[in-house]
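Coordinate inspection notes
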Amino acid sequence: MSMHAYIQGLANLESINRAPGFFKYQEHSVAAHSFRVAEIAQLLGDIEEVNGAEVNWQLLYEKALNHDYTERFIGDIKTPVKYATHELRHQLAEVEEKLTSNFIHNEVPEFLQERYTRRLSEGKDDTLEGQILSISDKVDLLYESFGEIEKGNPQSVFLDIFRESLSTILLFQSRPSVQYFLKEILPDLLSEDFADREKLIDVTKELMPERA
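An account of the accompanying structure is given in this report. (Residues numbered from 1 in each chain as written. Predicted model: local features only at pLDDT ≥ 70, side-chain atom pairs only at ≥ 80, totals over all residues. Heavy atoms only, no water.)

Some thoughts on the overall build of the chain
Summing up its helical and strand segments, the chain has eleven helices and zero strands in all. Each helix and strand of the chain, ordered N terminal to C terminal, gives the series α-α-α-α-α-α-α-α-α-α-α. Looking at the chain as a whole, 46% of its 212 residues qualify as buried. Here the contacts in the chain between residues at least 6 apart in sequence split such that 70% fall between residues at least 24 apart. Element-wise, carbon and sulfur atoms account for 51% of the exposed surface of the chain, whose accessible area totals about 11700 Å². (Helix = DSSP H or I, 4+ residues; strand = E, 2+ residues; numbered from the N terminus. Buried < 20%, exposed > 50% of the residue type's maximum accessible area, 1.4 Å probe, protein only. Contact = heavy atoms within 4.5 Å. Areas by Shrake-Rupley, 256 points an atom, 1.4 Å probe, with all protein chains shown as cover.)

Structure, rendered in structure tokens:
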């Protein structure tokens, strides 16, 4: 037993497309998404730390880099299917958890199993690092949707994804990193020159009337 299967699985993540069938202008792999989330988490962690928070950087990087590794077992299921019912979402989570547990037991050396059980478990929790992961994941998803809208993708799903992503980010607006994102980064995004700019501005005003 070695870590061969784990390392080999990293290559698998490069071939798993996010939101399969939706992206028209630029496909996004799970591997690329995980890298971007780690970079965004690093930025948000810096902002939290500058504002007095104590960041566990090892835990944050572990959560960010590994948060979608288990998708190598079941792939990235289309969002409308994944969230069709609460029961289905729960069942998919159970299957993923079982496959992950079996993988760790069968492929990870015993002296590393505790570490990888931690790393491959659900990272979005109530800790500061878990919150940063949740925010970073949605920031990247927001930018993925923005990229398609900016290029003229007519599918309304990307406007829905933008709205859902921003709604989730707003749940954490008490965090300094989110305040920075909303005050400094989001306005720059919305100032870009593209055909459907007004639609995104309207969605933002709908969700953030105080900033209209």
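Past the structure itself, the notes keep going.
Description of helix α10 (residues 176-190)
Helix length check: α10 (15 residues) gives 20 Å between terminal C-alpha atoms against 21 Å at 1.5 Å per residue, within 8%. All of the buried residues along α10 are S177, V178, F181, L182, I185, L186, L189 and L190. Each element contacted by the buried residues of α10 is listed here: α2 (30-50), α8 (128-150), α9 (157-170) and α11 (197-207). (Expected span 1.5 Å × (residues − 1).)

Regarding the side chain of E48
Mapped onto the elements of the fold, E48 is located in helix α2. A polar contact is formed between the side chain of E48 and the side chain of S177, at a distance of 2.6 Å. Apart from residues no more than four positions distant in its own chain, E48 is found in contact with A53, V55, L128, I132, R175, P176 and S177. (Polar contact = N/O pair within 3.5 Å; in protein donor to acceptor, adjacent residues only side chain to side chain.)

Examining the packing of α8 against α10
The geometry of α8 relative to α10 is characterised by a closest axis approach of 13 Å and an angle of 10° between their N-to-C directions. In terms of orientation, α8 lies roughly parallel with respect to α10. Residues I135, V139, L142, Y143 and F146 of α8 pack against S177, V178, F181, I185 and L189 of α10. (Axes fitted to C-alpha atoms, helices over the stretch in contact; angles between N-to-C directions. Parallel < 35°, antiparallel > 145°, perpendicular 65-115°, else oblique.)

Comments concerning the packing of aromatic side chains
With the rule as written, the count across this model stands at six aromatic pairs. Relative to Y61, the ring of W57 lies with its centre 5.7 Å away and its plane at 35°, an arrangement referred to as tilted. One end of the pair, W57, and the other, Y61, are both in helix α3 (residues 57-66), four residues apart, so they sit about a helical turn from each other. Ring centres of Y143 and F146 lie 6.3 Å apart, and the angle between their planes is 75°; this geometry places the pair in the edge-to-face category. Placement of the pair is Y143 and F146 together in helix α8, with a separation of three residues, close to one helical turn. In textbook terms, an aromatic cluster arises when at least three aromatic residues are bridged by ring pairs, as seen for Y6, Y69, F103 and Y116. (Phe/Tyr/Trp six-rings, centres within 6.5 Å; stacked < 30°, edge-to-face > 60°.)

Things to note about α3
What α3 keeps buried is the set L60, E62, K63, A64 and N66. Buried residues along α3 sit in contact with α1 (4-14), α2, α7 (110-119) and α8. You can read the cap of α3 off the contacts: a side-chain oxygen lies 3.3 Å from the backbone nitrogen of Q58, and it is on N56.

Everything listed here is a matter of coordinates, which is why it stays silent on function.
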